[in-house]
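# Residue-level structure breakdown
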Amino acid sequence: MAMSSSRPYMIRALYDWIVDNNCTPYILVDAMMSGVEVPQQHVNKDGQIVLNISPTAVMGLSLDNQAVSFNARFGGIPTDIFVPSRAVLGIYARENGQGMVFEPELEPEPEPTPPKGPAKKPVVEKPAVKSAGRPSLRVVK
C-alpha cells in the first residue's frame, strides 16, 4: 500500500516545536518547482528562497498536506504565498539552525492526455485453458 508523503507532517511538527521554543521558523523553498508562488525578485541564484513563517510575520498561515500558504509583506506589499509541500526543502529555527532538511521530491508526472479521435474498443481475448504447467502472459495489441 502506497503511503502519502511524511513531509507535510514533519513540517507541522517542526513548526510547532520551533514556535514552542520561542524561536523563529524559517522554510527553505525550491522556487523553481511548478505551483510555487513567491516573489521572484527575492529568489536567489540557486532558485531558492527562505521564508519567515513565524506567527508575527505572516497572516492566515495554513500548513496542510498539500501546501504551505499564507500572506506576508515583501517591501511593504501584501503578497499571497503558496508553496506545495514537495517544494519545501527544509524548516529550521533562525536563532540556532536546528530543524530538518528534506530529500528532494520529484514533481508528479503530468496526467497523460487521451488521444483525440474515435475511441477504440478494447480487444478482450479469453485466456487459453492449459491443463498443467506455469501460467503465462501475452501482449494483446
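Here's what I pulled together on the structure shown here. Along each chain, residue indices are assigned from 1 in the same order as the chain's sequence is written. The predicted origin of the model limits local features to residues at a pLDDT of at least 70 and limits the giving and counting of side-chain atom pairs to 80 or more, whereas totals for whole chains, interfaces and linings rest on all residues. As a rule here, side-chain values cover all heavy atoms of the structure and leave hydrogens and water aside.

Here we come to the overall build of the protein. Secondary structure elements follow DSSP: runs of H or I of four or more residues count as helices, runs of E of two or more count as strands, with numbering from the N terminus. Within the protein, the secondary structure is distributed over 1 helix and 7 strands. For the protein, the succession of helices and strands along the chain, N to C, is α-β-β-β-β-β-β-β. The burial tally for the protein puts 31% of its 141 residues in the buried class. Two residues qualify as a contact provided that any one of their heavy atoms is within 4.5 Å of a heavy atom in the partner residue. The contacts in the protein between residues at least 6 apart in sequence include a share of 51% that link residues at least 24 apart. With an accessible surface of roughly 10,700 Å², the protein has 57% of that area assigned to carbon and sulfur atoms. Each residue is assigned to one of three classes by its accessible area relative to the maximum for its type, calculated with a 1.4 Å probe on protein chains only: buried under 20%, partly exposed between the two thresholds, exposed over 50%. The Shrake-Rupley method, run with a 1.4 Å probe sphere, supplies the accessible areas, and residue values consider only the shown protein chains as cover.

Every second residue of strand S2 (residues 48-52) is oriented toward a common face, the buried set being Ile49 and Leu51 and the non-buried set Gln48, Val50 and Asn52. As defined by bridge partners, strand S1 (residues 25-30) adjoins S2 across 5 bridges and the pair is classed as antiparallel. Counted as the bridge partner of Leu28 is Val50 from S2. At least two DSSP bridges between two strands are required for those strands to pair.

It is worth spelling out the sheet that holds strand S3 (residues 59-63) at this point. One open sheet holds the 3 strands; their spatial order is S3-S4-S5, and the pairing between them is antiparallel. The open sheet has two edge strands with one neighbour each: S3 and strand S5 (77-84). For this sheet, the mean inter-axis angle between neighbouring strands, taken without regard to orientation, is 20°. The sheet contact formed by strand S4 (residues 67-74) and S5 spans 8 bridges and is antiparallel. Convention adopted: a line fitted to C-alpha atoms gives each axis, helices being fitted over their contacting stretch, and angles between N-to-C directions are expressed from 0 to 180 degrees.

This next bit is on the side chain of Ser85. Its place among the elements puts Ser85 in the loop between S5 and strand S6 (88-93). Residue classification places Ser85 among the buried positions, given a relative accessible area of 5%. Those residues in contact with Ser85, other than ones at most four positions away along the chain, are Arg7, Pro8, Ile11, Asp64, Asn65, Gln66 and Ala67.

Two rings belonging to Phe, Tyr or Trp (six-membered ring only in the last case) form a pair when the distance between their centres is within 6.5 Å. Interplanar angles under 30 degrees mark stacking, angles over 60 mark edge-to-face geometry, and anything in between is tilted. For the structure on display, the rule yields 1 aromatic pair. If you follow Arg12 out to its NZ or CZ, it ends over the ring of Tyr9, 4.8 Å from the centre. Our definition puts a charge over a ring when NZ of Lys or CZ of Arg is within 6 Å of the ring centre and also within 35 degrees of the ring normal.

The next thing to look at is the nonpolar core. Residues enter a nonpolar core if they are buried and are Ala, Val, Leu, Ile, Met, Phe, Trp, Tyr or Cys, with the set joined through side-chain atoms within 4.5 Å. Grouped together as the largest cluster of nonpolar side chains are 28 residues, with contacts concentrated most on Val38, Leu51, Val83 and Ile91. Only helix H1 (7-20), S1, S2, S4, S5 and S6 provide two or more residues apiece to this core. Ignoring any residue separated from it by four or fewer positions in sequence, one finds Val83 in contact with Val29, Val38, Leu51, Ala67, Val68 and Val88.

Of note, Asn22 is a non-glycine position whose phi angle comes to about 55°, a positive value. Relative to the helices and strands, Asn22 is located in the loop between H1 and S1. Residue Asn22 is classed as exposed on the basis of its relative accessible area, which comes to 72%.

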